[in-house]
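Reading the structure
Chain by chain, the residues run as shown.
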Amino acid sequence: MNHRDVAYSLLRVTFGVIFLFYGIGKFMAGIANFVGGMNQQFSGKLPAAMVMPFAYAIPFCEVIAGVLILFGLFTRVGLTISGLLLIGLTFGTVILGQAPTVAHNLQYALVNFVLLWFVDMNRYSLDSLFRRRTPAGFTG
């Protein structure tokens, strides 16, 4: 058991849990409530036509990215989704002038970067499990 692979997996699972449960929380509170709150928060700063589609997408993207990252399934895709989501969220917090949240998002972006950069250490994952299987009849 390689300690670096274990460390990578622990960070990946933690990051996936964060995204998954933030997304689930938005569903549980009601997507319409979340979108309405976002629209109100950005009123006068960004057009509703820009805010609302992104606000509707956030919970879905968080849950999808969270599940993929948590289980290490299509990990690169999950980390790309979370990275793009973090760009959008950081843009919004910059527009709102919320410097502490911008700094917080930057920490998430850094973890996202590390996970994507070292994705080759993703040994304890569904990606790795499926990659090890040999096709039926393959003898090479």
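Everything that follows concerns the structure shown earlier in this document.
Anyway, here's the lowdown on the structure attached to this text. (Residues numbered from 1 in each chain as written. Predicted model: local features only at pLDDT ≥ 70, side-chain atom pairs only at ≥ 80, totals over all residues. Heavy atoms only, no water.)

1. Overview of the packing of helix 1 (residues 3–29) against helix 3 (residues 48–71)
At a minimum axis distance of 7 Å, the contact between helix 1 and helix 3 shows a crossing angle of 150 degrees. As summarised for this structure, helix 1 and helix 3 are arranged roughly antiparallel, according to the angle between their axes. Taken as a pair, helix 1 and helix 3 cross one another with a handedness that is left-handed. Contacts from Arg 12, Val 13, Phe 15, Gly 16, Val 17, Phe 19, Leu 20, Tyr 22, Gly 23, Ile 24, Lys 26 and Phe 27 in helix 1 reach Ile 58, Pro 59, Phe 60, Glu 62, Val 63, Gly 66, Val 67, Ile 69, Leu 70 and Phe 71 in helix 3. Considered class by class, the residues forming the contact of helix 1 with helix 3 number 16 nonpolar, three polar and three charged. (Axes fitted to C-alpha atoms, helices over the stretch in contact; angles between N-to-C directions. Helix = DSSP H or I, 4+ residues; strand = E, 2+ residues; numbered from the N terminus. Parallel < 35°, antiparallel > 145°, perpendicular 65-115°, else oblique. Left-handed = near helix turned anticlockwise from the far one by under 90°. Contact = heavy atoms within 4.5 Å. Nonpolar A, V, L, I, M, F, W, Y, C, P; charged D, E, K, R; others polar.)

2. Description of the packing of aromatic side chains
Given two aromatic rings, one states the distance between the centres and the angle between the planes to describe the pair. Scanning the model with the defined rule gives four aromatic pairs in all. For the pair Phe 15 and Phe 19, a centre-to-centre distance of 5.0 Å together with 65 degrees between the ring planes defines the contact as edge-to-face. Taken together, the positions of Phe 15 and Phe 19, both in helix 1 and four residues apart, correspond to about one turn of that helix. The pair formed by Phe 15 and Phe 19 is uniform in burial state, with each residue classed as buried. These aromatic residues form a ring-pair network of at least three members: Phe 15, Phe 19 and Tyr 108. (Phe/Tyr/Trp six-rings, centres within 6.5 Å; stacked < 30°, edge-to-face > 60°. Buried < 20%, exposed > 50% of the residue type's maximum accessible area, 1.4 Å probe, protein only.)

3. Quick look at the nonpolar core
Among the nonpolar cores identified, the biggest contains 21 residues, and Phe 15, Phe 34, Met 38, Phe 42 and Leu 79 are the most heavily contacted of them. Elements that contribute at least two residues to this core include exactly helix 1, helix 2 (31–41), helix 3, helix 4 (75–96) and helix 5 (99–117). The greatest single-element share of this core, amounting to five residues, is contributed by helix 3. Leave out the neighbours within four places in its chain, and Phe 34 touches Lys 26, Ala 55, Ile 58 and Pro 59. (Core = buried A, V, L, I, M, F, W, Y, C linked by side-chain atoms within 4.5 Å.)

4. Thoughts on unusual backbone geometry
Here the phi dihedral of Phe 74 falls at roughly 50 degrees; this positive angle occurs in a residue that is not glycine. Summarising the element assignment, Phe 74 is placed in the loop between helix 3 and helix 4.

5. Section: the environment of Phe 130
Topologically, Phe 130 is positioned in helix 6 (residues 126–132). For Phe 130, a relative accessible area of 42% corresponds to the partly exposed category. Placed 57 residues apart in sequence, Phe 130 and Leu 73 show a C-alpha to C-alpha distance of 9.1 Å.

6. Notes on the environment of Asp 5
Mapped onto the fold, Asp 5 is located in helix 1. Exposure remark for Asp 5: the relative accessible area of 11% places this residue in the buried category. For the pair Asp 5 and Phe 15, spaced 10 residues apart in the sequence, the C-alpha separation amounts to 15 Å. Discounting residues that sit within four places of it in the chain, Asp 5 has contacts with Met 121, Arg 123 and Tyr 124.

7. So, the side chain of Ser 125
Structurally, Ser 125 can be placed in the loop between helix 5 and helix 6. The exposure class of Ser 125 is buried, given its relative accessible area of 10%. In terms of polar contacts, Ser 125 uses its side chain to reach the backbone carbonyl oxygen of Asn 122, at 2.7 Å. One polar contact links the side chain of Ser 125 to the main-chain amide nitrogen of Ser 128, over a distance of 3.1 Å. (Polar contact = N/O pair within 3.5 Å; in protein donor to acceptor, adjacent residues only side chain to side chain.)

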